[in-house]
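Residue-level structure breakdown
One-letter residues, chain by chain:
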Amino acid sequence: LGVTNPEEKDKILFPRGESFLVELDGCVTLELPMLPPEPKDMMNDPNNPMQNPNAAMQNAMHKAQTQRILQARRLHSRMIRTDVDPRVQIRRGEAVRIGTEWFRVSSAVREDLPLDKQPPRAQAPPSVVSMKDLSKKNEVDGYVCRFDPKTLPLDGMLNEYGGIANLQKAKGARERLH
């Protein structure tokens, strides 16, 4: 909770702890592009050009394709899919926890700027929740990431071994229940 202190012209932050956490309705999923399988010729011995004369080229092409897909995965990990409209329970700039990682619902209006350099009207409030929506000018200018009935945009990327792994485990558990 963040409160403005008019006497000293600063903000006082009060931690609220686990007891104030609430779950959002619905199930969330993450749709990530699959990594390419290794070419069969590379599995033999890609370092031995006598065994496979195309190994160096295949290795370079595979590495480049893998890097492109990893970059796409990082970008996709910011867009969480949900089966319930999140906008009735959470606003842009508010805090959300996925697995063990904390994020804010993306409020960026300029793609070319990092979060801390966004215009003040587009920066997240110091508190984890806000009493009102961010500036209407942000909606006129347009946000970088869509926030619609099926998408919850994050201000950062999910960690491959933290949040992404947690969402994949949850998806497997839901499938086993059905």
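Just above, that's the structure.
This write-up is about the structure you can find in this document. Everything numeric in this text was worked out from a predicted model, so none of it was measured.

Looking now at the sheet that holds strand β3 (residues 28-29). The strand order β3-β4-β7 describes an open sheet built from three strands, whose pairing is antiparallel. The sheet is open, and its two edges are formed by β3 and β7 (151-153), each paired on a single side. Where β3 meets strand β4 (residues 79-82), two bridges bridge the pair, whose relative direction is antiparallel. Paired with V28 across the bridge in β4 is T82.

Overall, the coordinates contain zero aromatic pairs when judged by the stated rule. It is R92 that lies over the ring of Y143; its NZ or CZ is 3.7 Å from the centre.

For the rest of this paragraph, the subject is helix α2 (residues 55-76). Between its first and last C-alpha, α2 extends 31 Å over 22 residues, near the 32 Å set by a 1.5 Å rise per residue. Along α2, the residues classified as buried are A55, H62, T66, I69 and R73. Buried residues of α2, viewed axially, fall in a sector of 70°; they line one side. Opposite the buried face of α2, at more than 90 degrees from it, the exposed residues are A56, M57, M61, K63 and R68.

So, on to the pattern of salt bridges. Summed over the entire model, instances satisfying the criterion amount to seven salt bridges. Put simply, D112 and R110 hold a salt bridge, and the shortest N to O gap is 2.8 Å. Salt-bridge contacts for D141 lead to R121; the nearest nitrogen and oxygen are separated by 2.7 Å. Residue D141 is located in helix α3 (residues 136-141), and its partner R121 is located in the loop between β6 (101-104) and α3; the two are separated by 20 residues in the primary sequence. Residue classification places D141 among the partly exposed positions, given a relative accessible area of 41%.

Note on placement: V84 falls in the loop between β4 and β5 (95-98). Overall, the relative accessible area of 30% leaves V84 in the partly exposed class. Distance from V84 to K150, taken between C-alpha atoms, is 6.7 Å for residues 66 residues apart in sequence. With sequence-adjacent residues up to four places away left out, V84 is seen in contact with D25, G26 and P149.

Moving on, we get to the pairing of β6. Along any regular strand the residues' side chains alternate between the sheet's two faces. Pairing geometry for β5 and β6, over four bridges, is antiparallel. Note that in β6 the partner of R97 across the bridge is W102. The hairpin turn running from β5 into β6, its antiparallel successor, is two residues long, and G99 in that turn takes a positive phi close to 65°.

For helix α4 (residues 163-177), spanning 15 residues, the distance from its first C-alpha to its last is 21 Å, which sits close to the expected 21 Å at 1.5 Å a residue. Of the positions making up α4, those classed as buried are G163, I164, A165, L167 and G172. Structurally, α4 contributes buried residues whose contacts are with β3, β4, β5 and β6.

Among the nonpolar cores identified, the biggest contains 14 residues, and L30, I80, L152, L154 and L158 are the most heavily contacted of them. In contact with I80, other than residues within four places in its own chain, are V28, T29, L30, I98, K150, T151, L152, L154, L158 and L167.

What follows deals with the side chain of T66. By the secondary structure assignment, T66 is in helix α2. For T66, a relative accessible area of 16% gives the class buried. Engagement of the side chain of T66 in a polar contact is seen with the backbone oxygen of H62, the distance being 2.8 Å. Dropping the residues within four chain positions of it, T66 is found in contact with L35 and P36.

Quick notes on the rules
Residues numbered from 1 in each chain as written. Predicted model: local features only at pLDDT ≥ 70, side-chain atom pairs only at ≥ 80, totals over all residues. Heavy atoms only, no water. Pairing = 2+ DSSP bridges. Helix = DSSP H or I, 4+ residues; strand = E, 2+ residues; numbered from the N terminus. Phe/Tyr/Trp six-rings, centres within 6.5 Å; stacked < 30°, edge-to-face > 60°. Lys NZ or Arg CZ within 6 Å of the ring centre and 35° of its normal. Expected span 1.5 Å × (residues − 1). Buried < 20%, exposed > 50% of the residue type's maximum accessible area, 1.4 Å probe, protein only. Arc of directions from axis to C-beta. Salt bridge = Lys/Arg side-chain N within 4 Å of Asp/Glu carboxyl O. Contact = heavy atoms within 4.5 Å. Core = buried A, V, L, I, M, F, W, Y, C linked by side-chain atoms within 4.5 Å. Polar contact = N/O pair within 3.5 Å; in protein donor to acceptor, adjacent residues only side chain to side chain.

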